[in-house]
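Summary of the model geometry
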Amino acid sequence: MALLFPKRKSNMATTVERIGVVENKVENLNEKLDDLKVDVKEMHDCLDKTRDGLTAKLDEMQEASGSQHAALAKEISNIKSQRDRLIWTFAGVIAAGGFFAGHADKILKIIGG
């Protein structure tokens, strides 16, 4: 009977060969997963450095802004003081001028004798 039906070699891979292929694919997936883990860690480190740098820059800018606002507040306060002095001086001059204008005849009599 062996002559009538010769044993054919199967084109299908044996179970052991198929398991070997699957193991190889799993190993490749594990390597890719390890690479992804490394990439994610590097990205986290980069984001941490960026966050720290931005925080430091924002702190620096806030400090500079605070000192600028303090300087401007002092300058505005000085300008307001000068303005108030000038307003009161003009008010005094106007009041004195009005007083002298209203009492010019009496003042001239006192001075003139």
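Here, every reference points to the structure presented above.
Below, the structure is looked at part by part. Please read these numbers as outputs of a predicted model, since none were measured by experiment.

Focus on the overall build of the protein chain
Of regular secondary structure, the protein chain possesses two helices and zero strands. Relative to its 113 residues, the protein chain shows a buried fraction of 0%. Summed over all atoms, the accessible surface of the protein chain reaches about 11000 Å², with 64% contributed by carbon and sulfur.

Considering the packing of aromatic side chains
By the definition in use, this model includes one aromatic pair. Arranged with centres 5.8 Å apart and planes meeting at 70°, the rings of Phe99 and Phe100 form a pair that is edge-to-face. On the basis of relative accessible area, Phe99 is assigned to the partly exposed category, the value being 46%. The exposure class of Phe100 is partly exposed, given its relative accessible area of 49%.

A look at a negative patch on the surface
Together, Glu27, Glu31, Asp34, Asp35, Asp39 and Glu42 line one region of the surface with negative charge. Relative to the helices and strands, Glu31 resides in helix H1 (residues 15-102).

Quick look at the pattern of salt bridges
On inspection of all chains with the given rule, the structure shows five salt bridges. A salt bridge links Lys41 to Asp45, with the nearest nitrogen and oxygen atoms 3.6 Å apart. Of this pair, Lys41 and Asp45 both sit in helix H1, four residues apart, roughly one helical turn. The class of Lys41 is exposed, set by a relative accessible area of 53%. The shortest N-O distance in the salt bridge between Asp48 and Arg51 comes to 3.3 Å. Placement of both Asp48 and Arg51 in helix H1 is noted, with a separation of three residues, approximately one turn of the helix. Residue Asp48 is classed as partly exposed on the basis of its relative accessible area of 33%. By relative accessible area, Arg51 is classed as partly exposed at 47%. Overlapping salt bridges, with partners in common, bring together Asp48, Arg51 and Asp52 in one network.

Calculation rules
Residues numbered from 1 in each chain as written. Predicted model: local features only at pLDDT ≥ 70, side-chain atom pairs only at ≥ 80, totals over all residues. Heavy atoms only, no water. Helix = DSSP H or I, 4+ residues; strand = E, 2+ residues; numbered from the N terminus. Buried < 20%, exposed > 50% of the residue type's maximum accessible area, 1.4 Å probe, protein only. Areas by Shrake-Rupley, 256 points an atom, 1.4 Å probe, with all protein chains shown as cover. Phe/Tyr/Trp six-rings, centres within 6.5 Å; stacked < 30°, edge-to-face > 60°. Patch = residues over 30% accessible without salt bridge, like charges linked within 9 Å, V, L, I, M, F, W, Y side chains within 5 Å. Salt bridge = Lys/Arg side-chain N within 4 Å of Asp/Glu carboxyl O. Lys, Arg positive; Asp, Glu negative; His and termini not counted. Charge placed at Lys NZ, Arg CZ, Asp CG, Glu CD.

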